[in-house]
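Take a look at the letters that make up each chain.
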Amino acid sequence: MAGEVINGGAPGRRGRRARNTGWLGLQGVAVASAAADGLMVTVLPLVALSVTADPVGVSLVTVARDLPWVLLSLFVGVLLDRVRRLAVLVGALVAQLLAATVLAVLAGGQQLSLAALVVVAFVVGSGQVVSEGATGALLPDVVGADRLNSANARLMVIDQGLVRFVVPPLTGVLLAWWVGLPAWVAVLANLVALAFTRVLTVPAPTARPGRFHPLRDIREGLVYLVNSQLLRAITLSVAISSFAWQVGMATFVLYGTRLLGLDSTGYGLLLGGMSVGWLLSSVVAGRLIGRFGYAAVMRASLLVGISTMALLAVVPPWWQLIALILVVQAGSTLLWNVSSQTSRQRFTPPELLGRVLTSHRALSWGLLPVGALVSGLVAAHWGLRAVWVVAALVEAVGLVLVWRAISPARFVAAEQARHAAGAGQSGGATTTATPPAPEAD
């Protein structure tokens, strides 16, 4: 069993050593599980092409992989707030291990079918929903509030770097050797992730009072998120920004190949260059947020997002310039993501954190399919550059809607409320997960 530290860990040097060990363990879990996710996410649609040439059939595998984010997110939040979070993380890794093993065995026995791939994809997607939620909920206990900014930046670089940029090319190489090899490597990666959970040290879980009522528990998380002006504004901004980014990126392959004249390799390198922005931004994220504050960093990130989208609509078709714009865009996005995730972790009561994190994800990602549809319609009627005009306009509307709500005063009020709640708990007062009162500018 992975270790537990009662009441937040031993004081002094022992406590710091335990936290450092836990943080190293969580990073090990993140690296290994992200590698496994990247392998499975990349190989599943490629293997589907060997089973069926029907585009609808191939798309079903992707739909099955993404469906858990819509169907399970809210229920996963309840699970994270009712069950020991480390046990939930272990369960998700075991499920992903089994899915990779099934795919590897079926490939080895040449028994692959579309139905089997759909089931495997759904299990992989479900594991991602659970493991990502569990990691986000565990992080404050593992590193402490003072290290959340840099820790979130590190985990985001690990996830994005491996899943999106490093592992996909490796998957193609492995697939060329043998169709089942990527799945077996994913099995190994999941075993490594499970091994790292053994060194995680986290506080003992807080008792969850009352009977288990899933719908009521989901409602509590949603109500807290919606009634917090600050967290609600952040979720609204993420929803609008995700929609705008999807409007631009859903047809970006055409932008890269037709407007920029890139081949498939060049297009892949163009997207891979975005990891440079993530990496550079992660190095300075903690210092920038500490120096200027969450409000200034988040407002600046939104302004940069609007500017880069507008530039993609008007600049000459030079791939070097486009690559630079994407690097800047990726860097500003990471700064926003770190500030957004840390805000939810800092300003949510521990007993509600799992539900608030997954409620945010369910609400903010709901518009992604609509954004993809809008992208295709706009590109078909007005061209590929018009897509980025629409994206910039949508992002600008979002900025106007949330500008006042993510002001410095809002963050100060939220921080004061957090300290007041902590003082009440340390003084023995009984606290309840009531929504915060509206903050005043």
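Conventions used here
Residues numbered from 1 in each chain as written. Predicted model: local features only at pLDDT ≥ 70, side-chain atom pairs only at ≥ 80, totals over all residues. Heavy atoms only, no water. Core = buried A, V, L, I, M, F, W, Y, C linked by side-chain atoms within 4.5 Å. Buried < 20%, exposed > 50% of the residue type's maximum accessible area, 1.4 Å probe, protein only. Contact = heavy atoms within 4.5 Å. Patch = residues over 30% accessible without salt bridge, like charges linked within 9 Å, V, L, I, M, F, W, Y side chains within 5 Å. Areas by Shrake-Rupley, 256 points an atom, 1.4 Å probe, with all protein chains shown as cover. Salt bridge = Lys/Arg side-chain N within 4 Å of Asp/Glu carboxyl O. Helix = DSSP H or I, 4+ residues; strand = E, 2+ residues; numbered from the N terminus. Phe/Tyr/Trp six-rings, centres within 6.5 Å; stacked < 30°, edge-to-face > 60°. Lys NZ or Arg CZ within 6 Å of the ring centre and 35° of its normal. Axes fitted to C-alpha atoms, helices over the stretch in contact; angles between N-to-C directions. Parallel < 35°, antiparallel > 145°, perpendicular 65-115°, else oblique. Left-handed = near helix turned anticlockwise from the far one by under 90°.

A.B. asks: Outline the nonpolar core, supporting the account with residue identities and numerical values.
C.D. replies: In this structure, Phe252, Ile322, Trp388 and Ile406 are the most contacted members of the largest nonpolar core, which totals 60 residues. Discounting chain neighbours no more than four positions away, the residues touching Ile406 are Leu230, Ala233, Ile234, Ala295, Met298, Arg299, Leu302, Trp336 and Phe411. Membership of the second largest hydrophobic core comes to 54 residues, among which are Val29, Val47, Leu89 and Ala189.

A.B. asks: Please give an account of a nonpolar patch on the surface that cites residues and values.
C.D. replies: Nonpolar side chains collect at one region of the surface, where Val105, Leu170, Val173, Trp177, Trp178, Val179 and Trp184 lie side by side and expose about 720 Å² of accessible area between them. Sort the elements by how many residues they give to the nonpolar patch and helix 6 (residues 148–177) lands first, with three residues. When you line up the elements, Trp184 lands in helix 7 (residues 181–197).

A.B. asks: Any chance you could break down the packing of aromatic side chains for me, citing the residues and the numbers?
C.D. replies: The tally for this structure, following the rule as stated, stands at five aromatic pairs. For the pair Tyr294 and Phe411, a centre-to-centre distance of 5.5 Å together with 20 degrees between the ring planes defines the contact as stacked. With Tyr294 in helix 13 (residues 294–314) and Phe411 in helix 18 (residues 408–426), this pair connects stretches of sequence that are 117 residues apart. Ring pairing ties together the aromatic residues Trp245, Phe252, Tyr255 and Trp388, which thus form one cluster. The aromatic ring of Phe292 is capped on one face by Arg291, whose charged end is 5.0 Å from the ring centroid.

A.B. asks: With reference to specific residues and values, describe the pattern of salt bridges.
C.D. replies: Under the defined criterion, the tally for this structure stands at seven salt bridges. For Asp81, the salt bridge goes to Arg355, with nearest N and O atoms at 2.7 Å. Note that Asp81 is positioned in helix 3 (residues 73–82) and Arg355 in helix 15 (residues 353–364), a separation of 274 residues in sequence. Here Asp81 matches Arg355 in class, with each residue buried. In this structure, Glu220 engages Arg355 in a salt bridge whose closest nitrogen and oxygen atoms are separated by 2.9 Å. Taken as a pair, Glu220 in helix 8 (residues 214–227) and Arg355 in helix 15 lie far apart in primary sequence, 135 residues in all. On the basis of relative accessibility, which here comes to 32%, the residue Glu220 falls in the partly exposed class. Because the salt bridges share partners, they merge into one network encompassing Asp81, Arg85, Glu220 and Arg355.

A.B. asks: Let's hear about the packing of helix 16 (residues 368–382) against helix 17 (residues 384–402): which residues, and what values?
C.D. replies: The angle between the axes and the distance between the axes are what describe a pair of packed helices. Taken N-terminus to C-terminus, the directions of helix 16 and helix 17 make an angle of 130 degrees; their axes are 7 Å apart at the nearest point. Classed by the angle they form, the pair helix 16 and helix 17 counts as oblique. Of the two elements, helix 16 crosses helix 17, and the hand of that crossing is right-handed. On helix 17, the residues touching Ser375, Val378, Ala379 and Trp382 of helix 16 are Leu384, Ala386, Val387 and Val390.

In short, shape yes, function no, at least from these values alone.
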